[in-house]
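The primary structure of each chain is shown beneath.
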Amino acid sequence: MTKLIDIHLHLQDKAFSDDVDVVIERALKNGVKRFVCNGTREKDWLKVQKLAEQYPFIVPCYGIHPWYVKKLSENWLEKLEELLIENKNACIGEIGLDKCIKDKNETAQKDVFRKQLDLAKRLKRPVMIHCVQAWGWLMDILRNESPLPMLLHSYSGSAEMIKPLLDMGAYFSFSGYALNKNNKKMQESLKKAPLDRLFIETDSPSMLHSKRNEPANLLLILQGVAELRGETEEELALAIWENSERFLNV
Ligand SMILES: [Zn+2]
């Protein structure tokens, strides 16, 4: 059977607090065999760690999301480093830049993002990046960095930016959003992203109409993406699984 990996989701979210085991079970039945669970703020980290301890197929990611750069404890960066040293297979995420929020805190966003990138380089861990309408900021920061393994989750940049980002070490992940026929820009990028740098994700619990999204839906995304790109589901799933071994170092 096809082995799938949901490269970006949030199983620690309170939307799953009553039935996370059932949600995982349903996803396993649909072929999802690896889950990359992203913490977004300090209070998430312990929950993510516990899930990863309980389920060996959950890859934990720890980070500060751009929405939460204002509420940091004094020693957040040290705590993050300790956690990563303790968890050898952990990645850094979800981190990033977002221009679409009311209270932008540009300086804090960039500062927190840069610090986490530095940590990723020092500890040699892949990073999971959220970038919403902040491509100028992102490119400015990455231009001064040597290439590093990074995932641009739910990629919403242009198809033209794929090439320069590839040179910087980027992988591209697409969620159910990209399958919306009105989303021409995302579909163009989805077709252009090379197979050896491609991932799919549910970003559960968010997105997909107004209902709670869950990792079992990854199978539908696989089908939609295969159709759009003109690949078979099997070859797509196999390539993505191989990408995950290379990217996550597992
Ligand atoms: Zn996310």
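Calculation rules
Residues numbered from 1 in each chain as written. Predicted model: local features only at pLDDT ≥ 70, side-chain atom pairs only at ≥ 80, totals over all residues. Core = buried A, V, L, I, M, F, W, Y, C linked by C-beta atoms within 7 Å. Buried ≥ 20, exposed ≤ 12 C-beta atoms within 10 Å, placed from the backbone. Contact = placed C-beta atoms within 7 Å. Helix = DSSP H or I, 4+ residues; strand = E, 2+ residues; numbered from the N terminus. Expected span 1.5 Å × (residues − 1). Arc of directions from axis to C-beta. Pairing = 2+ DSSP bridges. Right-handed = clockwise from strand over helix to strand, strands pointing away.

1. Looking at the nonpolar core
Link 1 in the chain: If you look at the biggest cluster of nonpolar residues, it comprises 67 residues, and the most contacted ones within it are Cys 37, Cys 61, Leu 152, Phe 172, Ile 200, Leu 218 and Leu 222.
Link 2 in the chain: Residue contacts for Leu 222: discarding those within four places in its chain leaves Leu 4, Ile 200, Glu 233, Leu 236 and Ala 237.

2. Describing helix 9 (residues 233-248)
Three- or four-residue spacings in an α-helix give side chains the same orientation, since the helix completes a turn every 3.6 residues.
Link 1 in the chain: Taking 1.5 Å of rise per residue, the 16 residues of helix 9 would be expected to cover 22 Å, and the 22 Å separating its terminal C-alpha atoms lies within 8% of that figure.
Link 2 in the chain: Those residues of helix 9 not exposed but buried are Leu 236, Ala 237, Ile 240, Asn 243, Ser 244, Phe 247 and Leu 248. Buried residues along helix 9 cover an arc of 120 degrees about the axis, so they all sit on one side. With respect to the buried face of helix 9, the exposed residues turned more than 90 degrees away are Glu 234, Glu 235, Glu 242 and Glu 245.
Link 3 in the chain: Just downstream of helix 9 lies Asn 249, where phi reads positive at about 60 degrees.

3. As for the environment of Leu 198
Link 1 in the chain: Tracing the backbone through its elements, the reader meets Leu 198 in strand 8 (residues 198-200).
Link 2 in the chain: Assessed through the 21 C-beta atoms surrounding it within 10 Å, Leu 198 is described here as buried.
Link 3 in the chain: Along the chain, Leu 198 and Leu 236 lie 38 residues apart, while their C-alpha atoms are 9.0 Å from each other.
Link 4 in the chain: For Leu 198, the residues in contact, after removing those within four places along its chain, are Phe 172, Ala 193, Ala 239, Ile 240 and Asn 243.

4. Focus: the pairing of strand 1 (residues 4-9)
Link 1 in the chain: Counted residue by residue, strand 1 has six buried out of six residues, so it is predominantly covered.
Link 2 in the chain: The pairing of strand 1 with strand 2 (residues 32-38) spans four bridges and is classified as parallel. Each residue of the ladder has a partner; that of Leu 9, found in strand 2, is Cys 37.
Link 3 in the chain: Tracing the backbone out of strand 1, into helix 1 (residues 20-29) and back to the parallel element strand 2 gives a crossover that is right-handed.

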